[in-house]
Amino acid sequence: MRTNFRLVLSGIALLGLSACAAAPSHDRYPRSDERHYGQQVDTAVSERDEYITRTIRAQFARDPEVSASDIDIETYRGTVALSGYLDDGAEMQRAVKIALSTPGVRTVRNEMQVGRR
């Protein structure tokens, strides 16, 4: 009798657990506009950072005092990191000033060095 009771109790427990399983989705692939909240935020941040990087790169290219090809730009959540080797300190200061004046930039990390590698 005890064995039957345990068997029935185990069966009920398994049945209860299987009912908790998620129902299968009918759509194998979610539509492109369906994203989790975190993905939307990350995508928006990433797009904003890419915009900031492109804007700074374009400003460097237009400025005769800055050698755009010698400066690497990385942006993460509005923080811009500038790195590379420049000819003089004035060029470095000008690059930092341009980056700081770009909309969306919160801070600039100056990792540039004067001189050649």
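Details of the structure are given in the entry above.
Below, the structure is looked at part by part.

About the criteria used
Residues numbered from 1 in each chain as written. Predicted model: local features only at pLDDT ≥ 70, side-chain atom pairs only at ≥ 80, totals over all residues. Heavy atoms only, no water. Core = buried A, V, L, I, M, F, W, Y, C linked by side-chain atoms within 4.5 Å. Buried < 20%, exposed > 50% of the residue type's maximum accessible area, 1.4 Å probe, protein only. Helix = DSSP H or I, 4+ residues; strand = E, 2+ residues; numbered from the N terminus. Contact = heavy atoms within 4.5 Å.

Further remarks concern the nonpolar core. Ranked by internal contacts, the top residues of the largest apolar core, which has 17 residues, are I56, F60, I71, V80, L82 and M112. Secondary structure elements with two or more residues in this core: helix 2 (37-62), strand 1 (71-76), strand 2 (79-86), helix 3 (89-100) and strand 3 (107-114). No other element matches the 5 residues that helix 3 contributes to this core. Excluding its chain neighbours within four sequence positions, the residues that come into contact with I71 are R57, F60, V66, L82, S83, L86, A95 and M112.

Moving on to the environment of T102. Along the chain, T102 falls in the loop between helix 3 and strand 3. Classification of T102 by relative accessible area gives buried; the value is 2%. Expressed as a C-alpha distance, the spacing of T102 and I56, which sit 46 residues apart in the sequence, is 6.8 Å. If we skip the residues at most four places from it in the chain, T102 touches I52, T55, I56 and Q59.

These figures capture arrangement, not role.
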